[in-house]
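Structural characterization, general
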Amino acid sequence: CALFAGWRDNCDDCTTAPFKWGRVTDGGCSNNAGADDTCSTMLLGGQTVNLYGLNLDGGVMRARVTLEAVEEVSGGLQITEQYTAEIEGSSKPACVAEVIMRIYF
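Quick caveat: nothing in here was measured; it's all calculated off a predicted structure.

1. So, the environment of A85
Mapped onto the fold, A85 is located in strand 7 (residues 76-87). Assessed through its relative accessible area of 15%, A85 is described here as buried. Taking the C-alpha atoms as reference points, A85 and A63, separated by 22 residues in sequence, lie 4.4 Å from one another. Leaving out residues up to four positions away in the same chain, A85 has contacts with M61, R62, A63, P93, A94 and C95.

2. Brief notes about the sheet that holds strand 7
Read from one edge to the other, the open sheet built from three strands follows the order 6-7-8, with strand pairing classed as antiparallel. Pairing within the sheet leaves two strands with one partner each, and these edge strands are strand 6 (61-73) and strand 8 (95-104). On average, each strand axis in the sheet is inclined to that of its neighbour by 20°, with strand direction left out of account. Bridge count for strand 7 against strand 8 is 10 bridges, and the pairing is antiparallel.

How each quantity is defined
Residues numbered from 1 in each chain as written. Predicted model: local features only at pLDDT ≥ 70, side-chain atom pairs only at ≥ 80, totals over all residues. Heavy atoms only, no water. Helix = DSSP H or I, 4+ residues; strand = E, 2+ residues; numbered from the N terminus. Buried < 20%, exposed > 50% of the residue type's maximum accessible area, 1.4 Å probe, protein only. Contact = heavy atoms within 4.5 Å. Pairing = 2+ DSSP bridges. Axes fitted to C-alpha atoms, helices over the stretch in contact; angles between N-to-C directions.

Have a look at this one:
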C-alpha cells in the first residue's frame, strides 16, 4: 500500500511534476526534502504509521469534513464523509477525498 501526494502552484493541466511532494509506504516515508518538510514514523494504537508533512511556504491550510451519508449495513453502519483541504488564496481545493467507513457492533 502506498500514498503519493504532490503540490504545485498554478497547475496547467498538471503535466509537470509537483514542486512539493511526499510519499508513504509500508516501509517508510520520503519527501522532496524542503527546509521545513517532515517525514516521521509514529505509533498509533500499537500500529506503526508513516507520516509526512509538506510546508507550503507559508500558505494557511484548512480542512473541512462534511457528513454525506449514514446507512445501516448488516451488523453495523456505513458512514460516508467528504474531506476537503484548502489553501488560503488558492482558487481550487488542494485535495478532495471521499472516505467510506464501516462500524460493526
